[in-house]
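Chain and residue survey
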Amino acid sequence: LQLTDIPGSEEAPDTVISALASGDLLWASSFGNSQPIHTLTETGDWTSYADSILFGSEFISIDLSEIEVAWLGSTSGDITAFEPLEGNIELLSSSDGIPGSFTDIEISIEDNAWIATGQGPAIFQSASFVFSGATATQPSFENRTLFDGETINAVMTDGGNRIWFGT
């Protein structure tokens, strides 16, 4: 895979790959490209998606749900959920229960989307079904919201499906 293989890179020779994710397709995001999201099939066929349908053009994070809904985090702090084969796309923000600007995304083994923000974490249950009116909740323990108002810089799950936060 060479940078020049990515559609649109000829118009923006300073294209930077900012995130990769793999499932049935290899997903790549790129800065400086009017088509910031690309998928690559096993046979080497590229498909690119224009920033005009994706609500933004500088995606720095990609994670895939169990059925390969792409969760795209952008430099603007927004999250776009995208399922191109079904034509589903949704911009997720504070009106969907996210407490602050996105800093990281992790899809857990149980297919939950964990969102790190500047105001604490949030979780979307069943990341694959975000298009059916899902809203985020803030996780709690012993009736207290976890990391309420704290900046969470990173979120990860380990092999035991334990959630780890970097503050």
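The shown structure was predicted, so the numbers you read here are calculated from the model rather than taken from an experiment. (Residues numbered from 1 in each chain as written. Predicted model: local features only at pLDDT ≥ 70, side-chain atom pairs only at ≥ 80, totals over all residues. Heavy atoms only, no water.)

1. Concerning the pairing of strand β9 (residues 102-107)
The element β9 is extensively covered by neighbouring structure, given that 5 of its 6 residues are classed as buried. Two elements, β9 and strand β10 (residues 113-117), share 5 bridges in a ladder whose sense is antiparallel. Among the inter-strand pairings, Asp 104 is bridged to a residue of β10, identified as Ala 116. (Buried < 20%, exposed > 50% of the residue type's maximum accessible area, 1.4 Å probe, protein only. Helix = DSSP H or I, 4+ residues; strand = E, 2+ residues; numbered from the N terminus. Pairing = 2+ DSSP bridges.)

2. Points about the sheet that holds strand β7 (residues 79-83)
What the 4 strands build is an open sheet, ordered β5-β6-β7-β8; its pairing is antiparallel. Pairing within the sheet leaves two strands with one partner each, and these edge strands are β5 (59-64) and β8 (88-92). Each strand axis lies, on average, 20 degrees off the axis of its neighbour in the sheet, ignoring direction. Where β5 lies against strand β6 (residues 70-74), 5 bridges are found, and the strand directions are antiparallel. Considered in β6, the bridge of Ser 61 is made with Gly 73. (Axes fitted to C-alpha atoms, helices over the stretch in contact; angles between N-to-C directions.)

3. With respect to the packing of aromatic side chains
Any pair of aromatic rings gets described here by the distance separating the centres and the angle formed by the planes. Counting across every chain of the model gives 5 aromatic pairs. Residues Trp 27 and Phe 82 carry aromatic rings whose centres are separated by 6.3 Å and whose planes lie at 85 degrees to one another, so their mutual orientation is edge-to-face. One end of the pair, Trp 27, is in strand β2 (residues 26-31); the other, Phe 82, is in strand β7, with 55 residues separating them in the sequence. Residue classification places Phe 82 among the buried residues on the basis of a relative accessible area of 5%. (Phe/Tyr/Trp six-rings, centres within 6.5 Å; stacked < 30°, edge-to-face > 60°.)

4. What about the pattern of salt bridges?
Summed over the entire model, instances satisfying the criterion amount to 1 salt bridge. Between Arg 162 and Asp 158 there is a salt bridge, with the nearest N and O atoms lying 2.9 Å from each other. (Salt bridge = Lys/Arg side-chain N within 4 Å of Asp/Glu carboxyl O.)

5. Concerning the pairing of β5
Of all 6 residues in β5, 5 are buried, a share of seventy percent or more. Turn length for the β5-β6 hairpin, with the two strands adjacent in sequence and antiparallel, is 5 residues, and the turn residue Glu 68 shows positive phi of about 65 degrees.

6. Points about empty space enclosed by the protein
Within the structure shown, the criterion is met by 1 cavity of 30 Å³ or more. Of the volumes computed, that of the largest cavity is approximately 30 Å³. (1 Å grid on protein atoms, 1.4 Å probe; cavity = no way out; pocket = protein on both sides within 12 Å on 5 of 7 lines; lining within 4 Å. Points joined across faces, edges and corners; volume = space filled by probe spheres on them.)

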